[in-house]
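The residues making up each chain are set out below.
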Amino acid sequence: MNIPKISIAFDGRNCDYSKAFHKLALQKVEDAFSGAPVHSIDLKCSVENKEHVIKAHVHLAHKSCFIDDVSRDMYTTLDRVIDKVRRVVWDEKERTHRPIHESPIKNPHDRLTG
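Residues numbered from 1 in each chain as written. Predicted model: local features only at pLDDT ≥ 70, side-chain atom pairs only at ≥ 80, totals over all residues. Heavy atoms only, no water.

A. Region of the structure containing the overall build of the protein chain. Helix and strand counts for the protein chain stand at two helices and four strands. Reading the helices (α) and strands (β) of the protein chain from amino to carboxyl end gives β-α-β-β-β-α. The 114 residues of the protein chain split such that 32% are buried. Taking all contacts inside the protein chain whose residues are at least 6 apart in sequence as the whole, residues at least 24 apart take part in 47%. For the protein chain, the exposed surface amounts to about 8,100 Å²; the carbon and sulfur share of it is 51%. (Helix = DSSP H or I, 4+ residues; strand = E, 2+ residues; numbered from the N terminus. Buried < 20%, exposed > 50% of the residue type's maximum accessible area, 1.4 Å probe, protein only. Contact = heavy atoms within 4.5 Å. Areas by Shrake-Rupley, 256 points an atom, 1.4 Å probe, with all protein chains shown as cover.)

This is the structure we're talking about:
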């Protein structure tokens, strides 16, 4: 089963480092994205103007994206960011696994008659 590389950093100037939160975040990310087409996820947690901010940098097979969220509670922000990342991963998975159907007949008037 594929488990992406996970990095969780705390901006020490504004955010108290919590081992319990770090462990919970790591567990949630591993549970949500094991087996998903994700190479790595980098989370940066901080507090700005009394609001908790989590910025995620997600590396997928064919693209890289930045996702962030803000709320009054770090746990709520984590859940929201994971939901947003899950949607991006799902959309990318659907896009890459969707069969491309090209009809051999480009023009409807070019049909063979028999």
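Now that the structure has been shown, the text picks up again.
B. Fine view of the pattern of salt bridges. One pass over the full model with this rule turns up four salt bridges. Two residues, R80 and D69, come together in a salt bridge whose shortest N-O distance is 3.7 Å. Highlighted residues: R80 in helix α2 (residues 74–97) and D69 in strand β4 (residues 64–71), separated in sequence by eleven residues. Owing to a relative accessible area of 38%, R80 belongs among the partly exposed residues under this scheme. R86 is paired through a salt bridge with D83; the nearest N and O atoms lie 3.3 Å apart. Residue R86 and its partner D83 are located together in helix α2, separated by three residues, close to a single helical turn. Among the residues examined, R86 registers a relative accessible area of 40% and is labelled partly exposed. The network of salt bridges with shared partners includes D69, R80 and K84. (Salt bridge = Lys/Arg side-chain N within 4 Å of Asp/Glu carboxyl O.)

C. Seen up close, the nonpolar core. Among the nonpolar cores identified, the biggest contains 23 residues, and F21, F33, L43, I54, V58 and V85 are the most heavily contacted of them. Elements supplying a minimum of two residues to this core: β1 (5–10), α1 (19–33), β2 (38–48), β3 (51–60), β4 and α2. Top element by residues in this core is α2. It accounts for six residues. Filtering out sequence-adjacent residues up to four positions away, I54 remains in contact with F21, L43, K44, C45, I67, D68, D69, M74, T77, L78 and V81. (Core = buried A, V, L, I, M, F, W, Y, C linked by side-chain atoms within 4.5 Å.)

D. View of the side chain of T77. Summarising the element assignment, T77 is placed in helix α2. Owing to a relative accessible area of 0%, T77 belongs among the buried residues under this scheme. Residues within four places of T77 in sequence aside, it is in contact with H52, V53, I54, D69, V70 and S71.

E. Broad picture of the sheet that holds β2. Taken in spatial order, the four strands of this open sheet run β1-β2-β3-β4, and their pairing is mixed. The outermost strands of the open sheet, each flanked by one partner alone, are β1 and β4. Neighbour to neighbour, the strand axes of the sheet diverge by 15° on average, direction disregarded. In this sheet, β4 lies alongside β3 in antiparallel orientation, the contact comprising eight bridges. Bridging across to β4, A56 finds its partner in I67. Taken strand by strand, α1 contacts β1, β2 and β3, and its axis lies near 150° from that of β1. (Pairing = 2+ DSSP bridges. Axes fitted to C-alpha atoms, helices over the stretch in contact; angles between N-to-C directions.)

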